[in-house]
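Below, each chain spelled out in residue letters.
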Amino acid sequence: MIFRQLFEPVSSTYTYLLGCEETGQALLVDPVLPTWERDLAALNALGLKLAFTVETHVHADHITSALQLKREAGSRIAYPAPSAAPCADLRIEEGREFRLGSIALQPLFTPGHTDDHFSYVVDGRALTGDALLIDGCGRTDFQNGDAATLYRSVRERLFALPDDTLVYPAHDYQQRRVSTIAQERSRNPRLGGGRDLAAFEKIMRELELPYPKFIDYAVPGNRACGVCPPDIAENLRKYCEKMEDSPQG
Ligand SMILES: [Fe+2]
């Protein structure tokens with residue numbers, strides 16, 4: 001399998017490129033609108049054709065490029081079934097492997113950050129979305145998030161994966177790129193070691209994070225598979241416009 005981790009700096013999102021060497025087909029997990037051309041160029045350079053975009057959940061901090069890529073590259077759109085996105089071509093469900101050529105994604109339902117969140121296990125890697133970040137986790141105070149649900153998703157599902165499974169999160173704000181299940185299970189300061197549910201709930205309650213500045217646009221835009229509102233405020237336009245000089249990786 002061809003694997004690339006691509007970074008989108010506006011929302012500090014990692015997009016994952018997975019390619020099948022035998023069929024030349026590829027998929028992108030969590031592609032982001034400002035870098036859609038960079039992502040297509042990366043696929044072209046590898047001689048791959050984009051067959052699918054796959055979301056981990058309905059994002060609140062960026063807009064997916066799923067619809068744009070469908071228009072430009074003819075790719076199909078996969079969303080978690082609980083996302084209730086009628087625009088999706090395929091619905092991801094627990095227990096149903098998603099195959100593309102030799103690539104086999106195992107969807108793991110991991111709600112708690114949102115109520116529609118899936119992680120994907122593929123070839124010794126776990127794409128953990130916003131459920132498990134390196135030394136952290138996604139917030140649990142919007143989109144039907146729930147700290148107790150996230151605690152169970154991470155501890156009972158993700159931490160049950162083999163020790164050496166590579167952890168590839170949907171975000172990192174300090175340019176960390178990869179971790180392992182063993183490392184997060186023992187060292188994650190929110191969910192690792194002996195931290196019990198009460199301790200985790202207290203940590204999440206006391207974060208006092210600001211209201212997400214893009215959420216009111218991003219959630220409806222992503223439920224529509226990646227639509228930017230025409231009336232978007234000037235200071236938020238960077239989430240919708242093509243990024244000049246997109247980073248290559
Ligand atoms: Fe998220």
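Relevant structure appears above.
Residue positions are counted from 1 within each chain, in the order its sequence is given. Totals for whole chains, interfaces and linings use all residues, but because this is a predicted model, local features are given only for residues with pLDDT of at least 70 and pairs of side-chain atoms are given and counted only at 80 or more. Hydrogen atoms and water are omitted, and side-chain values are computed over all heavy atoms in the structure.

### Brief notes about the overall build of the protein chain
Defined as follows: Helix and strand definitions here come from DSSP, where helices need a minimum of 4 consecutive H or I residues and strands a minimum of 2 consecutive E residues; each element is numbered from the N-terminal end. In this description, contact between two residues means that some pair of their heavy atoms is separated by no more than 4.5 Å. We get accessible surface area from the Shrake-Rupley algorithm with a probe of 1.4 Å; when it comes to residues, only the shown protein chains can shield them. The convention is simple: Lys and Arg are positive, Asp and Glu are negative, and His and the chain ends are not counted. Charged side chains are reduced to one point each, which is NZ for Lys, CZ for Arg, CG for Asp and CD for Glu.
Along its length, the protein chain carries six helices and twelve strands. In the protein chain, once contacts between residues fewer than 6 apart in sequence are set aside, the share between residues at least 24 apart is 63%. Accessible area of the protein chain: about 10800 Å², with a carbon and sulfur share of 48%. With 27 positive and 35 negative side-chain charges, the protein chain shows a spacing of 1 Å between the two charge centroids.

### Comments concerning the packing of helix α3 (residues 147–158) against helix α5 (residues 197–205)
Note the following rule: Each axis is a line fitted through C-alpha atoms, taken for helices only over the stretch in contact, and angles between the N-to-C directions span 0 to 180 degrees. Working rule for angles: under 35 degrees goes down as roughly parallel, over 145 as roughly antiparallel, 65 to 115 as roughly perpendicular, anything else as oblique. A clockwise turn of the near helix away from the far one marks a right-handed crossing, whereas an anticlockwise turn of less than a right angle marks a left-handed crossing. Only Asp, Glu, Lys and Arg are considered charged, only Ala, Val, Leu, Ile, Met, Phe, Trp, Tyr, Cys and Pro nonpolar, and every remaining residue, Gly among them, polar.
Where α3 meets α5, the closest approach of the two axes is 9 Å, and the angle between their N-to-C directions is 125°. When the interaxial angle is binned, α3 and α5 end up oblique. Viewed along their axes, α3 and α5 form a crossing whose handedness is right-handed. Residues A147, A148, L150 and Y151 of α3 form the contact with α5, whose participating residues are L197, F200, E201 and M204. Taken together, the residues of the contact of α3 with α5 break down into seven nonpolar, no polar and one charged.

### Focus: helix α2 (residues 66–73)
The criterion, for reference: Exposure categories follow from relative accessible area, calculated using a 1.4 Å probe and restricted to protein chains: below 20% of the type maximum is buried, above 50% is exposed, and the middle band is partly exposed.
Burial in α2 covers these residues: A66, L67, Q68, L69 and A73. Looking one or two residues beyond α2, the residue adopting positive phi is G74, at roughly 75°.

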